[in-house]
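Here is what each chain is made of, one letter per residue.
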Amino acid sequence: MAIKIESGLPALFLKFSLFFFFIVFGILFVTWPPISDLSDSDLFFHINGGKYLFKNFTIPDNSFFSFILPEISWGNYYWLFQGIVYWVYKTAGFYGIAIMRALVFLLTIGVVQLFFLDGYSKRSPQDRCIAIACFCLVVFSIYPRALAVVRPHMFSYFFIVIFLYIIEYKRTFFWVLPICSILWANIHGMEYPVWFLIVGAILAEQVILGIFKKNRPNPLSKTQRSILISLFYCLFLTPLGIELFKLPFSHSPFLNQIVNEMMPFSMTRFFEISFLTLNGFWSFVQSLVILISLASVLILLTRKKLHLYHLFLFSGGLLLLLKGQRFIYEAILLSIPVLNAGVDEFCSQQKKSSTAKSFGILFFPLIVLPAVILFSHSNMRPAFPISFTSVPAGIVTFLNHLNVGGRVFNYHNDGGDYQFGLSSKYKIFLDLELSIFSDTDLFISSNALTNQEIFDQFIKKYDPDFVTAPLNLLVYNKFLLKNTETKPNEFEQFVPIFFDDKEMLYMNKLHFPEIANNYEIKKAFPKKLVDLDYDIISKEERQALSLELEKINKIYPKGLSVSFVLCNFALQKKQLDKAMEFAENAILDHPAAYLGYSMKGQTFMARNEYQNAIVFFKKALKKQNGFMDKKVLNNLYQAYLKNNDHKNAYRILKKTVNIFAYETSPEDLYNLGVLAITLKEGEKADTYLKMARLKSGKKDVGLNHKIDELIKLRNQPLDN
């Protein structure tokens, strides 16, 4: 007898919970910036490719943005995706891109939901709950990539679940599959082996069962078989034609060393459990989905209910994992049919529990976890639509400000942003479109800035006007170009003229001597700013740094590191309104970074508004996401102390100070002792004071006197 709960409280709860689930992910995907610290610059070169397509009415199949000669031709297998994202961007900007990303993801998980809720009214409450829990697991496992990167893969994931659902449940809609195949081949043609796997799996099952004269479950009609076979020919309905067939098998043999996501998938990942970070949670859920799917295969196999079609899909997904860890998403989606069948079989053997108990279990995956995910992302959400610390936005702004044009040697990871943001007067070296550039090109991009021979050969061949360098390269002793006051310049014609939070820009002064003379950085090097001690810096040094930093800030006011230093200089000069302006702009442009909140807290401290300072220092700590800047903790301690909140001052100082660390000062130990006395922790106070006295030495007479007086006072007997 069919069990129906189309009305009543359980049905209402389920409908509300699913609605809430979709709304939460819709909000997350619409509000999360398309370019963030989780993403790469691929979206930029896709938009730029689409711009080329609309402007020239020609598919961008050459290196039109690069100064490498001769110009490189390549097979553009995602030209339609580039056209789509450019049209959306041109029509609605990055907000349109975010909405498109949200719609594609919601449609994808909507089809996944249909998969698990097929036959809704015929399932018991417990069965439905288990099926919906599995649906939630699948969503939790695939949403990170869909959120982080706007690439043609997002459409591939949608087409995968459409193919699977129509073949499994809606065969009257087979006529849709050729349309999907043609779109898929032109949006993300490189993914065609996946649709070949899906179609080949169902056809192979029908053939094998026919050979062994087994009863075919839900056999295909002749028309349906013909439609499926026709899907193989849809591959050729692209501008590339037969050339597309070779592309997935002609990539670089060093791909896994160039692209992190193409590194080999480690089987030990299935046995690693971590909930301390979002990445750990995602990895665990992805592994759990694969393991549950494997368990489903074994259950169905032992009960002789395993469909060959499902086995082929699951096995194909596992084989894809051998090609790289990026394919975990395809493997998860391909495992949905066997996972769903395994859950059905498992549920059929279980005792049924009460409706209320069954639906109560769903409160966690449908309500609690989505809310936690949304809250976690909101705390680390950068500015919309672009995280300015993840792209060299300042370098792009400065070069466009100069508007002189020229050849820009760049690091490959940020090539997409350069080709999208720079005016057409500039040509860059390369981006990370691996179908265009050779391994040698990528090798030069990665090594030229730290190898004199490579760089020398490169500048002799191309004579670039500008060179960009990631800031993390500047810490290497082997970095060739000048990046400190004292470092000799191996190539004197290249002088540093600008930097942002991502990269530093050098100019060939032989090409633009006047500009180089006007903008050359002589003092304000990024590495120096990190180690700057505001307590001992001289007035002359501060003035020299200020002049260079203010020149940078005038052109690009969104630089976080520059704003931080200028804010501290303003505080030193008691220019509190100016300091507050720097702090508030930093928070506006970098809401996920803790420095802006710390700057605002310091400004409130200078205003003697200690309660407000406490609020922003606490916000700064919250934004650190596991990283602990002891300077912020110390500032919070000082704010509590100034606010006469000795209990919280003591609590924070204990977090700040490791009494056994060699860098701990005797002043910190003394302060701990004073606060411990205030809060009547006499035994701890005695220990802190003894440690302070042992560490203070003979030079600090004033501190020694204070420690000795306090120890003496502590040892005096109380008067009766």
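The model shown is predicted, which means the values in this text are computed figures rather than measured ones.

Quick look at the overall build of the chain now. Looking only at helices and strands, the chain has 32 helices and 5 strands in total. Principal-axis analysis of the C-alpha atoms places the extent of the chain at approximately 100 × 80 × 40 Å. Counting only residues that meet the buried cut, the chain has 54% of its 720 residues in that class. Taking all contacts inside the chain whose residues are at least 6 apart in sequence as the whole, residues at least 24 apart take part in 70%. Surface accessibility of the chain: about 33900 Å² in total, with carbon and sulfur atoms responsible for 60%. Measuring between centres, the 74 positive side-chain charges of the chain sit 8 Å from its 59 negative side-chain charges.

A few words on the packing of helix H12 (residues 308-321) against helix H14 (residues 336-348). Closest axis-to-axis distance for the H12/H14 pair is 8 Å, and the angle between their directions is 125 degrees. As judged from the angle between their axes, H12 and H14 are oblique. Contact residues: H12 offers His310, Leu313 and Phe314, while H14 offers Pro337, Val338 and Ala341. Residues that form the contact of H12 with H14 fall into these classes: 5 nonpolar, 1 polar and no charged.

With that settled, the discussion passes to helix H32 (residues 701-715). Look at H32: 21 Å from first C-alpha to last across 15 residues, which is about the 21 Å you get at 1.5 Å a residue. Every buried residue belonging to H32 is among Leu703, Asn704, Ile707 and Leu710, and all of these are buried. Angularly, the buried residues of H32 cover 135 degrees about the axis, an arc narrow enough to put them on a single face. Turned more than 90 degrees away from the buried face of H32 sit Val701, Lys712 and Leu713, all of them exposed.

On to the pairing of strand S4 (residues 494-499), then. Judged by how many residues are buried, S4 sits mostly within the fold: 6 of 6 residues are covered. The pairing of S4 with strand S5 (residues 503-508) spans 5 bridges and is antiparallel. Note that in S5 the partner of Phe494 across the bridge is Asn508. What sits between S4 and S5 in their antiparallel hairpin is a turn of 3 residues.

Right, let's get into a nonpolar patch on the surface. Together, Ile229, Tyr233, Phe236, Ile242 and Phe245 make up a nonpolar patch on the protein surface, roughly 510 Å² of accessible area in all. Within the secondary structure layout, Ile242 lies in the loop between helix H8 (222-233) and helix H9 (243-246). Residue classification places Ile242 among the exposed positions, given a relative accessible area of 54%.

Take the pattern of salt bridges next. Under the defined criterion, the tally for this structure stands at 17 salt bridges. Two residues, Lys528 and Glu541, come together in a salt bridge whose shortest N-O distance is 2.1 Å. Linking Lys528 in helix H22 (residues 526-530) with Glu541 in helix H23 (residues 539-555), this pair joins segments that are 13 residues apart in sequence. Notably, a salt bridge pairs Glu584 with Lys600, separated by 3.5 Å at the nearest N-O pair. With Glu584 in helix H25 (residues 576-589) and Lys600 in helix H26 (residues 594-606), the pair connects residues that are 16 residues apart, well separated along the chain. The exposure class assigned to Glu584 is partly exposed, which follows from its relative accessible area of 39%. Among the residues examined, Lys600 registers a relative accessible area of 14% and is labelled buried. Each of the salt bridges in this network shares a partner with another, and the network as a whole consists of Glu485, Lys523, Lys528 and Glu541.

Per-residue confidence for the chain averages 89 on the pLDDT scale, and 93% of its residues sit at or above 70. Considering only residues more than four positions removed or in separate chains, one finds that residues 1-6, a stretch of pLDDT under 50, has 16 contacts.

This paragraph deals with the packing of helix H2 (residues 42-56) against helix H3 (residues 79-117). A pair of packed helices is captured by two measures, namely the crossing angle of their axes and the spacing between those axes. Between H2 and H3, whose axes approach to 7 Å, the crossing angle comes to 105 degrees. With respect to H3, the axis of H2 lies roughly perpendicular. Residue-level inspection shows Leu43, Phe44, Phe45, His46, Ile47, Gly49, Gly50, Lys51, Leu53 and Phe54 of H2 in contact with H3, the latter providing Trp79, Phe81, Gln82, Gly83, Val85, Tyr86, Trp87, Tyr89, Phe94 and Ile97.

Turning our eyes to something else, we now look at the sheet that holds strand S2 (residues 426-428). Reading across the sheet, the 5 strands line up as S2-S1-S3-S5-S4 and stay open at both edges, with mixed pairing between neighbours. The sheet is open, and its two edges are formed by S2 and S4, each paired on a single side. Within this sheet the neighbouring strands show an average axis-to-axis angle of 30 degrees, counted without direction.

Among the 6 residues in S5, 6 count as buried, and that is most of the element. Burial of S5 is two-sided: the residues Glu503, Leu505 and Met507 facing one way and the residues Met504, Tyr506 and Asn508 facing the other way are all buried. Bridging between strand S3 (residues 466-470) and S5 involves 5 bridges; their strand directions are antiparallel. Bridged to Phe466 within S5 is Met507.

Cut-offs and rules
Residues numbered from 1 in each chain as written. Predicted model: local features only at pLDDT ≥ 70, side-chain atom pairs only at ≥ 80, totals over all residues. Heavy atoms only, no water. Helix = DSSP H or I, 4+ residues; strand = E, 2+ residues; numbered from the N terminus. Buried < 20%, exposed > 50% of the residue type's maximum accessible area, 1.4 Å probe, protein only. Contact = heavy atoms within 4.5 Å. Areas by Shrake-Rupley, 256 points an atom, 1.4 Å probe, with all protein chains shown as cover. Lys, Arg positive; Asp, Glu negative; His and termini not counted. Charge placed at Lys NZ, Arg CZ, Asp CG, Glu CD. Axes fitted to C-alpha atoms, helices over the stretch in contact; angles between N-to-C directions. Parallel < 35°, antiparallel > 145°, perpendicular 65-115°, else oblique. Nonpolar A, V, L, I, M, F, W, Y, C, P; charged D, E, K, R; others polar. Expected span 1.5 Å × (residues − 1). Arc of directions from axis to C-beta. Pairing = 2+ DSSP bridges. Patch = residues over 30% accessible without salt bridge, like charges linked within 9 Å, V, L, I, M, F, W, Y side chains within 5 Å. Salt bridge = Lys/Arg side-chain N within 4 Å of Asp/Glu carboxyl O. pLDDT = per-residue confidence, 0-100.

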